[in-house]
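Structural features, examined
The primary structure of each chain is shown beneath.
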Amino acid sequence: MSTPQLAELRKQVHKATLQINLMRQALHRADKDFEETGTVTCETMEFIRSVKELLS
């Protein structure tokens, strides 16, 4: 692979890592809410919606 190809691959991997981290954070927040209250808070739902919007 050439240097530009490696740079592009690194960029794609970084972007995918950020997306996965956002999804993990959203799931963690929803899981924590559900364990504590049996439901998901409005703040968590807003966060999940914002993550969904960012990823679409």
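For the structure given in this document, a descriptive report is provided here. From a predicted model like this one, the values you see are computed outputs, not experimental measurements.

**Examining helix 2 (residues 42-55)**
With 14 residues, helix 2 ought to run about 20 Å at 1.5 Å a step, and its terminal C-alpha atoms sit 20 Å apart, in line with that. Among all positions in helix 2, only Thr44, Phe47 and Val51 are buried. Down the axis of helix 2, the buried side of the element spans an arc of 60 degrees, and every buried residue falls inside it. Seen from the buried face of helix 2, the exposed residues on the opposite side, beyond 90 degrees, are Cys42, Glu46, Arg49, Lys52 and Glu53. Considering only its buried residues, helix 2 is in contact with helix 1 (3-37).

**What about the environment of serine 50?**
Note on placement: serine 50 falls in helix 2. Look at serine 50 and you get partly exposed, because its relative accessible area is 33%. Placed 28 residues apart in sequence, serine 50 and leucine 22 show a C-alpha to C-alpha distance of 10.0 Å. A distance of 2.7 Å separates a polar atom in the side chain of serine 50 from the backbone oxygen of phenylalanine 47.

**So, the packing of aromatic side chains**
The tally for this structure, following the rule as stated, stands at zero aromatic pairs. In this arrangement the basic side chain of arginine 29 is found over the ring face of phenylalanine 47, its NZ or CZ atom lying 4.4 Å from the centre.

**A word on the packing of helix 1 against helix 2**
In helix packing, the relevant descriptors are the interaxial angle and the interaxial distance, both defined with respect to the helix axes. Axis separation between helix 1 and helix 2 bottoms out at 10 Å; the angle between their running directions is 160 degrees. Taken together, the axes of helix 1 and helix 2 are roughly antiparallel relative to one another. Considering how the two elements wind past one another, helix 1 and helix 2 form a crossing that is left-handed. On the side of helix 1, the interface is formed by Gln19, Leu22, Met23, Gln25, Ala26, Arg29, Ala30 and Asp33, while helix 2 contributes Glu43, Thr44, Phe47, Ile48, Val51, Leu54 and Leu55. Along the lines of polarity and charge, the residues of the contact of helix 1 with helix 2 split into nine nonpolar, three polar and three charged.

Calculation rules
Residues numbered from 1 in each chain as written. Predicted model: local features only at pLDDT ≥ 70, side-chain atom pairs only at ≥ 80, totals over all residues. Heavy atoms only, no water. Helix = DSSP H or I, 4+ residues; strand = E, 2+ residues; numbered from the N terminus. Expected span 1.5 Å × (residues − 1). Buried < 20%, exposed > 50% of the residue type's maximum accessible area, 1.4 Å probe, protein only. Arc of directions from axis to C-beta. Contact = heavy atoms within 4.5 Å. Polar contact = N/O pair within 3.5 Å; in protein donor to acceptor, adjacent residues only side chain to side chain. Phe/Tyr/Trp six-rings, centres within 6.5 Å; stacked < 30°, edge-to-face > 60°. Lys NZ or Arg CZ within 6 Å of the ring centre and 35° of its normal. Axes fitted to C-alpha atoms, helices over the stretch in contact; angles between N-to-C directions. Parallel < 35°, antiparallel > 145°, perpendicular 65-115°, else oblique. Left-handed = near helix turned anticlockwise from the far one by under 90°. Nonpolar A, V, L, I, M, F, W, Y, C, P; charged D, E, K, R; others polar.

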